[in-house]
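These are the residues of each chain, in order.
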Amino acid sequence: MSGMRKTIFVVLALVAMAAAIGVYMMIHMSPPDDLDLSRSKATANGLFQVTIAPESEPLRQGPLHAWILTVETPDGVPVEAAEIAIDGGMPQHGHGLPTSPAVTGSLGDGRYRIEGVRFNMGGWWELKFAIAADGRMDEVDFNIVL
Ligand SMILES: [Cu+2]
């Protein structure tokens, strides 16, 4: 190997090592200490009060599970016929949800069943909901750590 080739090889090896260490650190990063883990909160603009509850606890990494989402006005009146879009992912890993959860039923009293949620890794997950009702839209994000 010429001197130049050796230098290039060493540089590439160092870059690969640094990348591997970076990925390892990213995956094993712990969530922020001050993460809001509440399961009931107001949407960003205060239009709705939203509560989420998994259908079974404890939450496990792996299986598909369902959640019940309850949408109310700030003064506690159930919001019916809401359209709900679901998004999310792992902020510290830069990836989204591994599945496409969707509302599969309206249960009355402002409650909606969401199926198809899967957490395929341990760590900090975000579940984000965009909720539209009566021509008004608002959003809320929940943090889940497992
Ligand atoms: Cu991840």
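Small disclaimer: the values here were computed from a predicted structure and weren't measured. (Residues numbered from 1 in each chain as written. Predicted model: local features only at pLDDT ≥ 70, side-chain atom pairs only at ≥ 80, totals over all residues. Heavy atoms only, no water.)

Novice: What exactly am I supposed to notice about the overall build of the protein here?
Specialist: The helix and strand tally for the protein stands at one helix and nine strands. Burial status across the protein gives 32% buried among its 146 residues. Here the contacts in the protein between residues at least 6 apart in sequence split such that 59% fall between residues at least 24 apart. Surface summary for the protein: the accessible area is close to 8600 Å², and the carbon and sulfur share equals 58%. Charge-centre separation for the protein: the mean point of 10 positive side chains lies 15 Å from the mean point of 17 negative side chains. (Helix = DSSP H or I, 4+ residues; strand = E, 2+ residues; numbered from the N terminus. Buried < 20%, exposed > 50% of the residue type's maximum accessible area, 1.4 Å probe, protein only. Contact = heavy atoms within 4.5 Å. Areas by Shrake-Rupley, 256 points an atom, 1.4 Å probe, with all protein chains shown as cover. Lys, Arg positive; Asp, Glu negative; His and termini not counted. Charge placed at Lys NZ, Arg CZ, Asp CG, Glu CD.)

Novice: How should the sheet that holds strand 5 (residues 95-96) be read in this particular structure?
Specialist: Hydrogen bonding along the main chain pairs the strands of a sheet, whether they run parallel or antiparallel. Strand order in the open sheet formed by four strands is 5-4-8-9, with antiparallel pairing between adjacent strands. In this open sheet, the two strands that pair with only one neighbour each are strand 5 and strand 9 (136-145). Relative to strand 5, strand 4 (residues 83-90) runs antiparallel, the two sharing two bridges. Paired with Met90 across the bridge in strand 5 is His95. (Pairing = 2+ DSSP bridges.)

Novice: What should I look at first to understand the pattern of salt bridges in this one?
Specialist: Tallying each qualifying case throughout the model produces five salt bridges. Between Arg113 and Glu55 there is a salt bridge, and its shortest N-O distance comes to 2.5 Å. In this pair, Arg113 is assigned in strand 7 (residues 111-117) and Glu55 in the loop between strand 2 (49-54) and strand 3 (65-72), connecting sequence segments 58 residues apart. Looking at Arg113, the relative accessible area reads 24%, which means it is partly exposed. Notably, a salt bridge pairs Arg113 with Glu115, separated by 3.2 Å at the nearest N-O pair. When salt bridges with common partners are traced through the structure, they connect Glu55, Arg113 and Glu115 into a single cluster. (Salt bridge = Lys/Arg side-chain N within 4 Å of Asp/Glu carboxyl O.)

Novice: Could you clarify how one ought to interpret the packing of aromatic side chains in this entry?
Specialist: Two aromatic rings are characterised by how far apart their centres lie and by the angle between their planes. Enumeration over the complete set of coordinates arrives at two aromatic pairs. Consider the rings of Phe119 and Trp125, whose centres lie 5.0 Å apart with planes at 50°: the pair is tilted. Both residues of the pair, Phe119 and Trp125, belong to the buried class. Taking the centre distance of 6.1 Å and the plane angle of 70° together, the rings of Phe129 and Phe142 count as edge-to-face. Placement of Phe129 in strand 8 (residues 124-133) and of Phe142 in strand 9 is noted, with a sequence separation of 13 residues between them. Phe142 sits in the buried class, given a relative accessible area of 0%. (Phe/Tyr/Trp six-rings, centres within 6.5 Å; stacked < 30°, edge-to-face > 60°.)

Novice: Sorry if this is basic, but what is going on with the coordination of the copper ion here?
Specialist: Around a metal, the idealised angle for a tetrahedral arrangement of four donor atoms is 109.5 degrees; for an octahedral arrangement of six donor atoms it is 90 or 180 degrees. Bound to the copper ion on the protein side are Met90 (SD), His93 (ND1), His95 (NE2) and Met121 (SD), at distances that span 1.9 to 2.4 Å. Coordination at the copper ion is tetrahedral: its four donor atoms span angles of 98 to 127° at the metal. Read in sequence order, the donor residues coordinating the copper ion give the pattern M-x2-H-x1-H-x25-M. Taken as a pair, His93 in the loop between strand 4 and strand 5 and Met121 in the loop between strand 7 and strand 8 lie far apart in primary sequence, 28 residues in all. (Donors = N, O, S within 2.8 Å, 3.2 Å for Na, K, Ca; no water. Tetrahedral: all angles 85-135°; square planar, octahedral: opposite > 155°, others 65-115°.)

Novice: Is there a simple way to think about a nonpolar patch on the surface in this case?
Specialist: A grouping of Phe9, Val10, Leu14 and Met17 is seen on the molecular surface, where their side chains present a nonpolar patch of about 420 Å² in accessible area. Residue placement: Leu14 occurs in helix 1 (residues 3-27). (Patch = residues over 30% accessible without salt bridge, like charges linked within 9 Å, V, L, I, M, F, W, Y side chains within 5 Å.)

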